Each structure stands twice: as structure tokens, then as C-alpha cells.
Amino acid sequence: MTVSSVSRALSTSSVATSFAPYVSSFGVSTSRFTKSLLASALTLSLLGAGVSSAYAAQPDAAKLAAGVEQKVIDWRRDLHLHPELSNREFRTSKIIEKHLKSLGLEVQTGIAHTGVVAILKGGKPGPLIAIRADMDALPVTEVVDVPFASKATDTYRGQTVGVMHACGHDTHVAMLMGVAENLVKVKDSLAGDVMFIFQPAEEGAPDGEEGGAELMLKQGLFAKRKPDQVFGMHVTSSMPSGMIGVRSGPAMASEDSFTIKVKGRQTHGSRPWNGVDPIVAAAQIITNVQTIVSRQVDITKAPAVVSFGAVNGGIRSNIIPDEVELIGTIRTFDQPMRADIKVRLAEIAELSAKTLGATATTEIHQGYPVVVNNPELVASMRPVLASVVGDKMLIEPGLITGAEDFSFYALESPGMFFFLGVTPKGTDPETAASNHSPAFYVDESALKVGVEAMTKVALTALKAQ
């Protein structure tokens, strides 16, 4: 409604005339009342128009994501071609630093060895939110046939290994670089600030080193100002491309690793009775430990997993060695169960070895806590995610026994960690190569969806208009 139309409506109406006796009884002229009524109507009209225009003027996350899509793909391919292991993400951090500085952001480097953090100050006062992407690759030799397949190698546990972004951290970095660029473009509309966290060593620091989210926090990441909310995203082959999964409450398992050293007495393989065979003892330990989950803990309360990932011992076919080393992982969703399994593991290892004349020493390495998504935050952001992908493409996944050190951030501030499907159309997610596989494949069309989703989450959290 225009000013002239309001004026015409009032001048031709009988409002002023009808109220004239009452108006004049208060000593106010009819003309003054008419002008006042005109002003009030105009104010209401402008307020209504303001609400509509503010809604219409809210930054378009889909348009912003489309604008950086090719950049995100290019960044991702470059990072994929040049993967770096945990705490060794030197080239990656330089690329991130250069981009963030080009956006005019305050950038801090060297946190937790190679971490990069930038702060975007919005145009209006408001909360601080944090968005995190992990940067490290894995000791995996790639077999995917793409032009930008990794040929990189490095040293891991004293062995020369192939290096690959087999968990999609290259996509996480590229998407957050895109989100940062998007939010800088609309910073004046943001009622609050954004902390961009590019984190090293999510897959675990090398032996003898610290790293990851825990070290970033230890070195003061949230010391000056703790975020009011923290967000993270992870690509997964377990969902079709462009699907988003988010779960309220416990979402990903805690993770603890263990090392069991089984000691016997070395002897010639042709005369095992002259020694104590740690290989046989290790085999008994591996078998007996399987009863922890299958027979000893209440898995109707919460799932649990105990797996062995490495058995190291011996060097020749005819030598029974002195020692065998077992390495494995424990995954739980319940803290008392987590503690109970650790005790049972050590007891079974010790007693199983003892029956064969060997000894077993168990060392538990405390790992990541359970990832817990804040229920209120998830409830408020679920409609936002649905607006990006549609109700049918937004799911609540089951409990995930994989672990994530995003959990450390979510212990400090209300957090939400969601998943983005990257398995291309025509491929069954049930049979697609999983994360951490040498055949892990990303449908790059999903990256625009991820950028749009995280951009819109940030805009909503900061009430951008």
C-alpha cells in the first residue's frame, strides 16, 4: 500500500467524520485526528512491508552455494590430489590460510600444529557460532579411477604407505571454504559472529603426539570466547548423494584403542615345548575377548563393539617369537558400559595368557567421547535442513559406531553434527565402498548441497536478514 493510497482511503472514508464528536470533546481538531490516523496507518503499512521485505531480503543460500560450486569442486580435487596425514597437513593449511585472508578475515594458524581458525564479525551484535571441518587424510592407497586420484606416499608406523582422502575430509575443507566465502558476502546481515575451525588430526595423532580437537581446545581455541553453538558435517557413502542425516542425542560412539602385549619365550618352531608360544596365547585372547559383547554386557541397553585391528609378532616360519602385539578398538554409547568393557578386556587377556604360561599386559588409550547432538538445536535446525533437501531426503540415521572428535566441541557448547550422502545415483549405498576404503568415491554434485545446508544453518543461527 503506497502513501498516496493510504491518504486517499482516509480522505474518502467516514472515519474522521464518525469520530469527530468524540475527538472534539478531547479538544483535538478533526483535521489533526485525520493526520494522526494517516500517520498510524502509514506506519502499520510500512511495518508490514518491512516484514515482507526483510523475509524476501534474507540471503539466498541456494544461490550463494551455486555461486561457489565450481570453486569448491576445484579445491576438493586439488586437496584430494595432495593428501596429508594427521599433524602433517602443511600444504592444506597454507591453502586454507591464503583463502581466508583473501576474504579479509582474522586468521590464526599453528593451533594444534597445523590448525587454522578464522573469525568473521557480523554486521550486528549477536552470538558466536563455530563451524568445523577436519583436514587430515588416511594411510590408504587409492584405487579410484579419477584424474585427480592420489599418488602420494608417506611414512606411517615406520612403513611407507599410500595416502588418500578416504574419509572425505578434502570435501569438508572445500565446503567450509565455500561457506566462509558465502558468509563474508552477506556479513552485514549477520546478527553475530562465525568461527571457522579447520582442524588437523581427526583420524588420530601419530604415536607419541597430541592432536585434533582435544589439543585445539587445550591450546585455548574457546578460551577468549566460547561459541554459543557449534556445527559440523561429514560426508558418507551410506546415503545417496544429496541426502542429509541428523540424529538428536547420542549419535556416534565413544572410541578407545587398546594395545595388548603378549609375552612368551622364544624357541625353535620345531620344538614348541621348549618355549612359551605367545602366538597361540594371542589367538586365545582374540577368541575369548569376543565373548565380552556377545555374552557379558547388556547390548539391549546400548550397542558395543570390540574389534582387533592388528596382530604383530614373529618374523620367520620356524621361529616362535618372544612377543606378540595386539591392537584394537572399543566402541560404546554408555559410559558405565565403556568402563566395564575396559576392565573385562584386561582381565580376559591376562587370564587367557596365564593358562598357557604366557603373560599379557593391556594398555587402554582413552579416545573420543560419544558425539551427542543437542536435542533443542537439532529440533530448531531440522526444518532448515529439510528446506534444503526436502522432507524425503532428510532422515534420522541409527546409532553410528564410528567415532568423531567433534564430540569434544559438543561437550563445550551445544552442538549439531550431520551427515551428507555422497553415493551417486545408480549405486546402492549398501554396497558402495565405505569411508576409509581405497575405493571410497564422492559424487561431487553433493558438495553444493552441503555448502547450501551449512550456509543456511549459519544464516538461521545468526538470524540473517
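It should be emphasised that the depicted structure is a prediction, and the values quoted were computed from it without experimental measurement.

S.K.: So what exactly am I meant to see when it comes to the overall build of the protein here?
M.R.: Helix and strand content of the protein: 12 helices and 18 strands. Burial statistics for the protein: of 465 residues in total, 48% are counted as buried. A separation of at least 24 residues holds for 82% of the contacts in the protein among residues at least 6 apart in sequence. Roughly 21900 Å² of accessible area belongs to the protein as shown, and the carbon and sulfur atoms make up 55% of that amount.

S.K.: Just checking my understanding: could you explain the sheet that holds strand S12 (residues 304–312) for this structure?
M.R.: Sheet strands pair by backbone hydrogen bonding; their relative direction is either parallel or antiparallel. With respect to topology, four strands assemble into an open sheet ordered S12-S14-S10-S15, the strand pairing being antiparallel. The open sheet has two edge strands with one neighbour each: S12 and strand S15 (359–365). Neighbouring strand axes in the sheet, compared pairwise and without regard to direction, differ in orientation by 20° on average. Two elements, S12 and strand S14 (residues 323–332), share eight bridges in a ladder whose sense is antiparallel.

S.K.: Explain the pattern of salt bridges to me, please; I cannot follow it from the model alone.
M.R.: Side chains that differ in sign of charge can pair as their charged atoms come close. Applying the stated rule across the entire model yields 21 salt bridges. Among the salt bridges present, the one from arginine 157 reaches aspartate 207, with a minimum N-O distance of 3.3 Å. Here arginine 157, found in the loop between strand S4 (153–156) and strand S5 (159–162), pairs with aspartate 207, found in the loop between strand S6 (191–199) and helix H7 (212–218); they are 50 residues apart in sequence, far enough to count as distant. We note that arginine 157, like aspartate 207, is exposed. The closest approach of N and O atoms between aspartate 193 and arginine 225, which form a salt bridge, is 2.7 Å. Separated by 32 residues along the polypeptide, aspartate 193 in strand S6 and arginine 225 in the loop between H7 and strand S7 (229–240) bring together distant segments of the chain. A relative accessible area of 14% means that aspartate 193 is categorised as buried. On the basis of relative accessibility, which here comes to 35%, the residue arginine 225 falls in the partly exposed class. The network of salt bridges with common partners includes Arg76, Arg77, Asp170 and Glu444.

S.K.: Honestly, helix H4 (residues 61–81) in this entry has me stumped. Any pointers?
M.R.: In an α-helix, one full turn covers 3.6 residues, which means residues spaced three or four apart are oriented alike. The end-to-end C-alpha separation of H4 is 29 Å, in line with the 30 Å expected for 21 residues at 1.5 Å each. At valine 68, H4 shows its largest bend, some 50°. Among all positions of H4, only Ala61, Leu64, Ala65, Val68, Val72, Ile73, Trp75, Arg76, Leu79 and His80 are buried. Considering only its buried residues, H4 is in contact with helix H5 (90–102), helix H6 (169–185) and helix H12 (445–461). In this structure aspartate 60 caps H4, since a side-chain oxygen of it lies 3.0 Å from the backbone nitrogen of alanine 62.

S.K.: Looking at this structure, I do not really get the packing of helix H8 (residues 278–296) against helix H9 (residues 335–354). What am I missing?
M.R.: Any two packed helices are characterised by the angle at which their axes cross and by the distance between the axes. Closest axis-to-axis distance for the H8/H9 pair is 9 Å, and the angle between their directions is 145°. Between H8 and H9 lies a crossing of right-handed hand. Across the interface between the two elements, Ala281, Gln284, Ile285, Asn288, Val289, Thr291, Ile292 and Gln296 of H8 pack against Ile341, Arg344, Leu345, Ile348, Ala349, Ser352 and Ala353 of H9. Along the lines of polarity and charge, the residues of the contact of H8 with H9 split into nine nonpolar, five polar and one charged.

S.K.: In this structure, what is going on with unusual backbone geometry? I would like to understand it.
M.R.: Comment: phi is negative for the bulk of residues other than glycine, and the bulk of peptide bonds are trans. In this structure, alanine 112 takes a positive phi of about 55° despite not being glycine. Examined against the element boundaries, alanine 112 turns out to sit in the loop between strand S1 (106–111) and strand S2 (115–121). Relative accessible area serves as the criterion here: at 0%, alanine 112 is assigned to the buried category. Of note, alanine 201 is a non-glycine position whose phi angle comes to about 55°, a positive value.

S.K.: Help me understand the environment of valine 117 in this model?
M.R.: On the secondary structure map, valine 117 appears in strand S2. C-alpha separation for the pair valine 117 and glutamate 106, spaced 11 residues apart in sequence, amounts to 8.3 Å. Among all residues touching valine 117, those that are not within four sequence positions of it are Glu106, Val107, Gln108, Ile111, Met195, Phe196, Met216 and Leu221.

S.K.: What exactly am I supposed to notice about the side chain of glutamine 199 here?
M.R.: You can see glutamine 199 is positioned in strand S6. For glutamine 199, a relative accessible area of 0% gives the class buried. Beyond its immediate stretch of four places on either side in the chain, glutamine 199 contacts Arg132, Ala133, Asp134, Met135, Gly212, Ala213, Met216, Asp405 and Tyr409.

Reading guide: rules and limits
Residues numbered from 1 in each chain as written. Predicted model: local features only at pLDDT ≥ 70, side-chain atom pairs only at ≥ 80, totals over all residues. Heavy atoms only, no water. Helix = DSSP H or I, 4+ residues; strand = E, 2+ residues; numbered from the N terminus. Buried < 20%, exposed > 50% of the residue type's maximum accessible area, 1.4 Å probe, protein only. Contact = heavy atoms within 4.5 Å. Areas by Shrake-Rupley, 256 points an atom, 1.4 Å probe, with all protein chains shown as cover. Pairing = 2+ DSSP bridges. Axes fitted to C-alpha atoms, helices over the stretch in contact; angles between N-to-C directions. Salt bridge = Lys/Arg side-chain N within 4 Å of Asp/Glu carboxyl O. Expected span 1.5 Å × (residues − 1). Bend = angle between axes of the 7 residues up to and from the residue. Polar contact = N/O pair within 3.5 Å; in protein donor to acceptor, adjacent residues only side chain to side chain. Left-handed = near helix turned anticlockwise from the far one by under 90°. Nonpolar A, V, L, I, M, F, W, Y, C, P; charged D, E, K, R; others polar.

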